[in-house]
Amino acid sequence: MSLTVTALKAQRRTTERVNLFVNGEFRCGVAYEIVVRELLSVGGVIDAATLERFVLADAKWQAKQSALSLLATRARATGELADRLRRKGYADEAVRHALTEVERMGLMDDMAFAEGWVRDRLLLRPRGARALVAELTRKRVAPDTARDAVARVMAREGVADLDLCAAAAGKWLRTRPSPAASDREERDRFRRRLAGYLGRRGFTGDAVRAALDRI
């Protein structure tokens, strides 16, 4: 059965796409750039395989546009962006195409993303290297990339776990009244609370003990 393109009508909501009508019936939406690239025009004759290729090409185009919109909101790791696209319903082939395109455009770099994340955390919410790596892996950064990024930024900024731990401890202490020096039991309880807080922020036991001794 021959398939004849009978209309190409602009979509109202998405101006970059048109509705494709074949043999008088709506078949699918297609991006303008695909129409131009494929020399698609009213009256043209296509086959079923070509129509299927248009559908796949449009799915890839839509996935790319979604990726660009997500990256315009904030930087994301490759894995996180892929997860978001899949949750939007895009098939794996379309997701892979979108990731390749945004990487080619220089809009996605997992190491740069990870280093930026670490810099922000060190500035705003000091955490231990272990916690920073864990945060990055939850953001779908590969573990090796996460560890390298944390090590690079901490070396570049000239900070160590002990320095960050002491800074976090100092910030915690400034928001709480210190126990009386004469109340040893309360002071020990206070120290344990602080140690627990620092441990939950990803600092190692050695860094916590050293920070407590320092302050």
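What counts as what
Residues numbered from 1 in each chain as written. Predicted model: local features only at pLDDT ≥ 70, side-chain atom pairs only at ≥ 80, totals over all residues. Heavy atoms only, no water. Pairing = 2+ DSSP bridges. Helix = DSSP H or I, 4+ residues; strand = E, 2+ residues; numbered from the N terminus. Contact = heavy atoms within 4.5 Å. Axes fitted to C-alpha atoms, helices over the stretch in contact; angles between N-to-C directions. Salt bridge = Lys/Arg side-chain N within 4 Å of Asp/Glu carboxyl O. Buried < 20%, exposed > 50% of the residue type's maximum accessible area, 1.4 Å probe, protein only.

A.B. asks: I keep staring at the sheet that holds strand S4 (residues 45-46) and nothing clicks. Help me out?
C.D. replies: Sheet strands pair by backbone hydrogen bonding; their relative direction is either parallel or antiparallel. Here four strands make up an open sheet; going across it, the order is S3-S2-S1-S4 and the pairing antiparallel. Unpaired on one side and paired on the other, strand S3 (25-31) and S4 mark the two borders of the sheet. Relative to S4, strand S1 (residues 3-10) runs antiparallel, the two sharing two bridges. Residue pairing for S4: Thr4 is matched across the bridge by Val45. Packing against the sheet, helix H2 (residues 48-73) makes contact with S1, strand S2 (17-22), S3 and S4, and its axis sits at approximately 45° to S3.

A.B. asks: Can you help me understand the pattern of salt bridges in this one?
C.D. replies: Close approach of charged atoms allows side chains of opposite charge to pair. Tallying each qualifying case throughout the model produces 19 salt bridges. Among the salt bridges present, the one from Glu135 reaches Arg121, with a minimum N-O distance of 2.9 Å. Here Arg121 lies in helix H5 (residues 110-124) and Glu135 lies in helix H6 (residues 129-138), a separation of 14 residues in the sequence. For the salt bridge of Asp213 with Arg191, the shortest nitrogen-to-oxygen distance reads 3.4 Å. Of this pair, Asp213 sits in helix H10 (residues 205-214) while Arg191 is found in helix H9 (residues 184-200), placing the two residues 22 residues apart along the sequence. Asp213 sits in the exposed class, given a relative accessible area of 58%. Residue Arg191 is classed as partly exposed on the basis of its relative accessible area of 37%. Put simply, Asp83, Arg86, Asp92 and Arg140 are held in one network by salt bridges that share partners.

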